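Given next are the chains, with one letter for each unit.
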Amino acid sequence: MARDSYLVGLVGAGVGPSLSPALHEREADRQGLRYVYRLIDIATLGVGPQVVGDLVRAARDLGFDGLNITHPCKQLVLEHLDALVPQAEALGAVNTVVFGEDGRATGHNTDVTGFAASFARGLPDAPLERVVQLGAGGAGAAVAHATLTLGAGLVTVVDALPERAAALAASLNRHFGAGRATAAPPGELPGLLRRADGIVHATPTGMAAHPGLPFPADLLHPGLWVAEVVYRPLRTELLRTARAAGCAILDGGGMAVFQAADAFRLFTDREPDSARMLDDFAELADAVASPR
């Protein structure tokens, strides 16, 4: 007999403004499910990301069916899981944990499929020969895999921690073949962007808690497309500046919706309606941008 009741949650820092609860619960309502989505904000709890393992165990013991995992816990959670699907293992990052009937916690990554679906929908004709990615954390690993899966010729990973960029580039080359990825220090960003087709921004800069631009505005030019991972706010300062510079842009909303749809499927084993969820997101984002 199919289940009709689910308890899930989101673990991360500063997750209070997340639209994930509404996205999941609205779709569940349409499918006649009793579905509760809780926020577990480590910043509100006053604890660091290293407690993610304790939170996963507590959620399992309390009867949760699964968890979404976000910044800054996507990589730290790995050692606290019983199993990883191959894609999450290759990425070294998890954004979705599913608890089986036997209590085993299995890690998945729906950021990869979410970003790929969003990019194909929002920038379908964008050139992909030379792509720069800023950020090599958990989200960065996922979107780099997605970008190469979409057919990028070369992804250059730039991160404030050079060793992290180098590690991600090495992992990408093992997975996709030698010469598909490389790492570069932030100081090389001006030259890289002059020659690039586009840039994927995968750092927290631009989020409500981390406002500002991730690099100087004068590095943007009309021949560059700009894809954003941040979706709160939907129009980050980077996207507003990029549009004013004549760049094609992709906001983080599509990735948020498609990764949520994929997570919903994992939690419930039911097929979500992504088109309806995109409409939900547009309505919710508009309400946030124009509070009444």
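Here the structure is shown first, and the text comes after it.
The text that follows walks through the structure, step by step, so that each part is easy to find. (Residues numbered from 1 in each chain as written. Predicted model: local features only at pLDDT ≥ 70, side-chain atom pairs only at ≥ 80, totals over all residues. Heavy atoms only, no water.)

## Regarding the overall build of the protein chain
Point 1. A tally of regular secondary structure across the protein chain gives 11 helices and 12 strands.
Point 2. In terms of overall size, the protein chain behaves like a compact globule, its C-alpha atoms giving a radius of gyration of 18 Å where 292 residues would be expected to give roughly 19 Å.
Point 3. By principal-axis analysis of the C-alpha atoms, the protein chain measures approximately 55 × 45 × 35 Å.
Point 4. Each of the 292 residues in the protein chain was classed as buried or not, and the buried ones make up 50%.
Point 5. When contacts within the protein chain are restricted to residue pairs at least 6 apart in sequence, long-range pairs at least 24 apart make up 69% of them.
Point 6. Surface accessibility of the protein chain: about 12,700 Å² in total, with carbon and sulfur atoms responsible for 54%.
Point 7. Counting 24 positive and 32 negative side-chain charges, the protein chain places the centres of these two groups 2 Å from one another. (Helix = DSSP H or I, 4+ residues; strand = E, 2+ residues; numbered from the N terminus. Rg over C-alpha atoms; globule rule 2.2 N^0.38 Å. Buried < 20%, exposed > 50% of the residue type's maximum accessible area, 1.4 Å probe, protein only. Contact = heavy atoms within 4.5 Å. Areas by Shrake-Rupley, 256 points an atom, 1.4 Å probe, with all protein chains shown as cover. Lys, Arg positive; Asp, Glu negative; His and termini not counted. Charge placed at Lys NZ, Arg CZ, Asp CG, Glu CD.)

## Thoughts on the pairing of strand 11 (residues 225-228)
Point 1. The side-chain alternation of strand 11 yields two buried faces, one formed by Trp225 and Ala227 and the other by Val226 and Glu228.
Point 2. In the sheet, strand 10 (residues 198-201) pairs with strand 11 via four bridges, with the strands oriented parallel. Along strand 11, the bridge assignment pairs glycine 198 with tryptophan 225. (Pairing = 2+ DSSP bridges.)

## Focus on the packing of helix 5 (residues 111-122) against helix 6 (residues 138-149)
Point 1. Taken N-terminus to C-terminus, the directions of helix 5 and helix 6 make an angle of 50 degrees; their axes are 8 Å apart at the nearest point. One element, helix 5, and the other, helix 6, form an angle in the oblique class. You can see that helix 5 and helix 6 cross each other, and the crossing is right-handed. When helix 5 is examined against helix 6, the residues Asp111, Val112, Phe115 and Ala116 are found in contact with a partner set consisting of Ala142, Val143, His145, Ala146 and Thr147.
Point 2. Residue composition of the contact of helix 5 with helix 6, grouped by class: six nonpolar, two polar and one charged. (Axes fitted to C-alpha atoms, helices over the stretch in contact; angles between N-to-C directions. Parallel < 35°, antiparallel > 145°, perpendicular 65-115°, else oblique. Left-handed = near helix turned anticlockwise from the far one by under 90°. Nonpolar A, V, L, I, M, F, W, Y, C, P; charged D, E, K, R; others polar.)

## Details of the packing of helix 5 against helix 10 (residues 253-268)
Point 1. Contact pair helix 5 / helix 10: the axes reach a minimum separation of 7 Å and the direction vectors enclose 135 degrees. As summarised for this structure, helix 5 and helix 10 are arranged oblique, according to the angle between their axes. Viewed along their axes, helix 5 and helix 10 form a crossing whose handedness is right-handed. Residues Asp111, Thr113, Gly114, Phe115, Ala117, Ser118 and Arg121 of helix 5 form the contact with helix 10, whose own contacting residues are Gly254, Met255, Phe258, Gln259 and Asp262.
Point 2. Taken together, the residues of the contact of helix 5 with helix 10 break down into four nonpolar, five polar and three charged.

## Notes on the nonpolar core
Point 1. Counting 32 residues, the largest nonpolar core has Phe115, Phe119 and Trp225 as the members making the most contacts within it.
Point 2. Put simply, the parts of the chain that give this core at least two residues each are helix 5, helix 6, strand 8 (154-158), helix 7 (162-176) and strand 11.
Point 3. Top element by residues in this core is helix 6. It accounts for seven residues.
Point 4. Among all residues touching tryptophan 225, those that are not within four sequence positions of it are Phe119, Leu123, Ala126, Pro127, Leu128, Val131, Asp197, Gly198, Ile199, Val200 and Ala248. (Core = buried A, V, L, I, M, F, W, Y, C linked by side-chain atoms within 4.5 Å.)

## Quick word on the layout of surface pockets
Point 1. In this structure, the largest pocket occupies an estimated 1,200 Å³ of space.
Point 2. Forming the boundary of the largest pocket are 50 residues, of which Thr70, His71, Thr203, Pro204 and Met207 lie nearest the centre.
Point 3. Within the lining of the largest pocket, the residues separate by chemical class into 29 nonpolar, 16 polar and five charged.
Point 4. Roughly 360 Å³ of internal volume is contained in the second largest pocket.
Point 5. Forming the walls of the second largest pocket are 17 residues, and the residues nearest its centre are Arg3, Tyr6, Phe99, Glu101 and Phe267. (1 Å grid on protein atoms, 1.4 Å probe; cavity = no way out; pocket = protein on both sides within 12 Å on 5 of 7 lines; lining within 4 Å. Points joined across faces, edges and corners; volume = space filled by probe spheres on them.)

## Here's the deal with the pattern of salt bridges
Point 1. By the definition in use, this model includes 15 salt bridges.
Point 2. Salt-bridge contacts for arginine 3 lead to aspartate 65; the nearest nitrogen and oxygen are separated by 2.7 Å. One end of the pair, arginine 3, is in the segment before strand 1 (5-12); the other, aspartate 65, is in the loop between helix 3 (52-61) and strand 3 (66-69), with 62 residues separating them in the sequence.
Point 3. Taking the relative accessible area as the measure of exposure, arginine 3 reaches 39% and is therefore partly exposed.
Point 4. For lysine 74, the salt bridge identified is with aspartate 111, shortest N-O distance 2.7 Å. Taken as a pair, lysine 74 in the loop between strand 3 and strand 4 (83-84) and aspartate 111 in helix 5 lie far apart in primary sequence, 37 residues in all. The same class applies to lysine 74 as to aspartate 111, namely buried.
Point 5. Here the salt bridges share partners, and the residues they tie into one network are Arg26, Glu27, Arg30, Asp273, Arg276, Asp280 and Glu283. (Salt bridge = Lys/Arg side-chain N within 4 Å of Asp/Glu carboxyl O.)

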